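# Descriptive analysis of the structure
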Amino acid sequence: MSESGKQLVLEGQRLESSDADFEEYKQLLTEQNAEQIMSDVSNKCFHKCISRPGLTLDRFEENCLKKCTDRYLETVKIVEDIYLKRLNKEYNPAKL
């Protein structure tokens, strides 16, 4: 491994990479997960909060959807932060 390069573990393989590669990888993960997160939150919160689909939401459904979405996104953020910390730790243990 070169001095300027770092190792990135991806699917069990160590890859040489630079800081730019690492940042690009984090961005790619974010973009790939955004669509999946929105799909998941829509499905989970819809099933939890909407008892009878119609043209409008009642106050309970609206509040439930807001709270469910907030809670889901907060949870995703916590999990993402933990994952990125682990990735950083493995990617560059000398900085910690």
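The structure presented is a predicted model; accordingly, all values stated were derived computationally and were not measured. Sequence order sets the numbering: in each chain, residues are counted from 1 along the sequence as written. For this predicted model, a pLDDT threshold of at least 70 governs which residues receive local features, and a threshold of 80 or more governs which side-chain atom pairs are given and counted, while totals over whole chains, interfaces and linings are taken from all residues. As a rule here, side-chain values cover all heavy atoms of the structure and leave hydrogens and water aside.

With that out of the way, let us pick up the side chain of E61. Numbering of helices and strands starts at the N terminus; helices are DSSP runs of H or I of at least 4 residues and strands are runs of E of at least 2. As for its placement among the helices and strands, E61 is situated in helix α2 (residues 59–91). Buried and unpaired, E61 has R52 as its nearest opposite-charge partner, separated by 4.4 Å. If sequence neighbours within four positions are ignored, E61 has contacts with C49, I50, S51, R52 and T56. Using a 1.4 Å probe on the protein chains alone, a residue whose accessible area is under 20% of its type maximum counts as buried, one over 50% counts as exposed, and one in between counts as partly exposed. Counted charges follow a simple rule, with Lys and Arg positive, Asp and Glu negative, and His plus the chain ends left uncounted. Salt-bridge detection follows one rule: a side-chain nitrogen of Lys or Arg within 4 Å of a carboxyl oxygen of Asp or Glu. Any pair of residues with heavy atoms lying within 4.5 Å of one another is described as a contacting pair.

What follows is about the state of the cysteines. Two cysteine sulfurs form what is called a disulfide whenever their separation falls within 2.5 Å. Enumeration over the complete set of coordinates arrives at two disulfides. There is a disulfide in this structure between C45 and C68, and the S-S distance comes to 2.0 Å. Judged by the sign of its S-S torsion, about -85°, the bond between C45 and C68 is left-handed. Linking C45 in helix α1 (residues 19–49) with C68 in helix α2, this pair joins segments that are 23 residues apart in sequence. Summarising the burial analysis for this pair, C45 and C68 share the class buried. Across the protein, the way the bonded cysteines pair up, counted in sequence order, is 1-4, 2-3.

Membership of the largest hydrophobic core is limited to seven residues, which are I37, V41, C45, C49, C64, C68 and Y72. Elements with a minimum of two residues in this core: α1 and α2. Here this core takes four residues from α1, the largest share from any one element. Here I37 is in contact with Y72, L73 and V76, once residues within four sequence places are set aside. Side-chain atoms within 4.5 Å link the members of a nonpolar core, which is a set of buried Ala, Val, Leu, Ile, Met, Phe, Trp, Tyr and Cys residues. The next biggest cluster of nonpolar side chains, apart from the first, holds six residues, and it includes F22, Y25, L29 and Y91.

The next subject is the confidence of the model for the protein. One number per residue, pLDDT, summarises how confident the predictor is, and it ranges from 0 to 100. Overall, the predicted model of the protein reaches an average pLDDT of 80, with 76% of residues at or above 70. In this model, residues 1–5 is a region of pLDDT below 50 whose contacts with residues beyond four sequence positions or in other chains number seven contacts.

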